[in-house]
Number of protein chains: 2
Amino acid sequence: MSKFEEKTNHTEIIYKGKIIQLQVDTVTLPDGQTSKRELIKHPGAVAIIALTDEGKIVFVEQYRKALEKSILEIPAGKLESGEKPEVTALRELEEETGYTTDRLNLITSFYTSPGFADELVHLYYTDQLKPLKEAASLDEDEFVEMQELTLEEAEQLASMHRIHDAKTAYALLYLSLKGNAK
Amino acid sequence: MSKFEEKTNHTEIIYKGKIIQLQVDTVTLPDGQTSKRELIKHPGAVAIIALTDEGKIVFVEQYRKALEKSILEIPAGKLESGEKPEVTALRELEEETGYTTDRLNLITSFYTSPGFADELVHLYYTDQLKPLKEAASLDEDEFVEMQELTLEEAEQLASMHRIHDAKTAYALLYLSLKGNAK
């Protein structure tokens, strides 16, 4: 049994969407009281730290409706049902950047918002990029633009909040430590 | 206008909870097609990288219903309505760890899941901790246990997925770079 475990008495499914599901669990707390937990179920996602031959970092600019603005992020995407994360990672890299690779190393994985969501992001690294002969096509409701930036340019954009999400912030620290980005 | 902006045609509020709100926006895409976006509204949160006088890192162990397991995270919590993030940060530090401080430096802020949620985490740092004379009390549905670990111990727990969330993963990289944790 996990420390401070909360026993589920009842699960109410509020919404089943294309991507997320919302449920409210009624739970018994460690002290015997009951409470409710608002929970988002998410299929999980991948993100890719990709360095070009020149040591530049590959970003995609994308409008995020949740934020009502465009930000620059490392390439990323959701797992399709039953898809292995490394397959998703290669697919998203090809679709969003026009690069492919035969080497993707899993760096780590982390939950993005453990307080309310089970989204787990698998983070990959590659510095072995090859341009695709034919561009892969994006999802029909997806519009992104690829940009290649030095670490210094990226850190400047982060200070201006044009780069502003957790996985990309992690990526910049990772590359600072690793020391091989331009 | 933001690049690739998506115009909102209609917002349907699906659920208004204690913490999160779910809405589905019908949008016009840059190519004129329409699509739907499933969006979570969240009040925002804070997290605190706190080092003891001995250079150990302060963690809290907590059961996360969304993950159905306990993990170790840096101290964190949600903004109350109208609350300034630095006020939340001090309150959560006192409630969850029994320490207080008169120095909290904002390091950065990041969106945790820009694909579907507007949760913004403000990340603070302190190495000026003082034990509280009287313990602050937690929320009535909150059960946490404080632990102080070296960076090496924390990295070991991360490799075992006992530490497994984005803000804490970021904190460990930050402390590796900064070099003043034990």
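Just so it is clear, the structure is predicted and the values come from calculations on it, not from any experiment.

So, how was this worked out
Residues numbered from 1 in each chain as written. Chains lettered and ligands numbered in written order. Predicted model: local features only at pLDDT ≥ 70, side-chain atom pairs only at ≥ 80, totals over all residues. Heavy atoms only, no water. Least-squares fit on C-alpha atoms with pLDDT ≥ 70 in both. Contact = heavy atoms within 4.5 Å. Buried < 20%, exposed > 50% of the residue type's maximum accessible area, 1.4 Å probe, protein only. Helix = DSSP H or I, 4+ residues; strand = E, 2+ residues; numbered from the N terminus. Arc of directions from axis to C-beta. Pairing = 2+ DSSP bridges. Domains from an automatic or database assignment. Buried area = accessible area lost by both parts, 1.4 Å probe. Polar contact = N/O pair within 3.5 Å; in protein donor to acceptor, adjacent residues only side chain to side chain. Salt bridge = Lys/Arg side-chain N within 4 Å of Asp/Glu carboxyl O. Nonpolar A, V, L, I, M, F, W, Y, C, P; charged D, E, K, R; others polar.

Enquirer: When you look at the relation of the copies chain A and chain B in this model, what are you seeing that I'm missing?
Expert: Copy one and copy two of the chain differ by a rotation about an axis and a translation along that axis. Take chain A, turn it by 180°, move it 0.0 Å along the axis, and it overlays chain B with an RMSD of 0.0 Å. The symmetry that links the two subunits is that of a two-fold axis. Looking at the interface residues of chain A, 100% of them are also at the interface in chain B, so both copies use one shared face.

Enquirer: Would you mind going over helix 2 (residues 151-159) of chain A with me for this structure?
Expert: A turn of α-helix holds 3.6 residues, and therefore any two residues three or four places apart point the same way. Residue and element names in this part refer to chain A. Looking only at helix 2, the buried set comprises L151, A154 and L157. Seen along its axis, helix 2 keeps its buried residues to an arc of 120°; they face one direction. Exposed positions of helix 2 whose direction lies more than 90 degrees from the buried face are E152 and S159. Buried residues in helix 2 make contact with strand 5 (57-64), strand 6 (69-73), strand 12 (144-149) and helix 3 (166-178). Trailing helix 2 by a residue or two, H161 shows a phi angle of about 65°, which is positive.

Enquirer: I would appreciate a short explanation of the pairing of strand 4 (residues 45-50) of chain A in the present structure.
Expert: Here is the key point about a regular strand: its side chains alternate between the two faces of the sheet. Residues and elements named next belong to chain A. A large share of strand 4 lies buried, amounting to six of its six residues. Burial of the side chains of strand 4 extends over both faces: A45, A47 and I49 are buried on one face and V46, I48 and A50 on the other. In this sheet, strand 7 (residues 76-78) lies alongside strand 4 in antiparallel orientation, the contact comprising three bridges. Residue pairing across strands places V46 opposite G77, the latter belonging to strand 7. Where strand 4 and strand 10 (residues 120-126) come together, six bridges link them in parallel fashion. Within strand 10, the residue paired with A50 across the bridge is T126.

Enquirer: Can you help me understand the domain arrangement of chain A in this one?
Expert: Accessible area lost during the coming together of the parts is what is often quoted as the interface size. All names here are of chain A. Here the domain parsing of chain A yields domain 1 (7-41) and domain 2 (45-178). One C-alpha centre belongs to domain 1, the other to domain 2, and the line joining them spans 31 Å. Taken residue by residue, the interface counts six residues in domain 1 and five residues in domain 2. When domain 1 packs against domain 2, the two sides together hide about 410 Å² of surface, and 52% of this comes from carbon and sulfur. Among the residues of domain 1 in contact with domain 2, I19, I40 and K41 are the three that bury the most area, contributing 73% of the side total. For the pair domain 1 and domain 2, the interface holds two residue pairs in polar contact (both at pLDDT 80 or more).

Enquirer: How do you make sense of the interface of chain A and chain B when you look at a structure like this?
Expert: With 66 residues of chain A at the interface, the matching set in chain B holds 66 residues. Overall, the association of chain A and chain B removes approximately 5,900 Å² of surface from exposure, summing both partners, and the carbon and sulfur fraction of that is 65%. By the criterion of area lost to chain B, the three top residues of chain A are E38, K65 and F143 of chain A, representing 12% of everything that side buries. At the boundary of chain A with chain B, the tally comes to eight salt bridges. A salt bridge links D141 of chain B to R37 of chain A; its shortest N-O distance comes to 3.1 Å. Sorting elements by how many residues they give to the side of chain A that touches chain B places helix 3 of chain A first, with eight residues. Its residues assigned to classes, the side of chain A that touches chain B shows 30 nonpolar, 13 polar and 23 charged.

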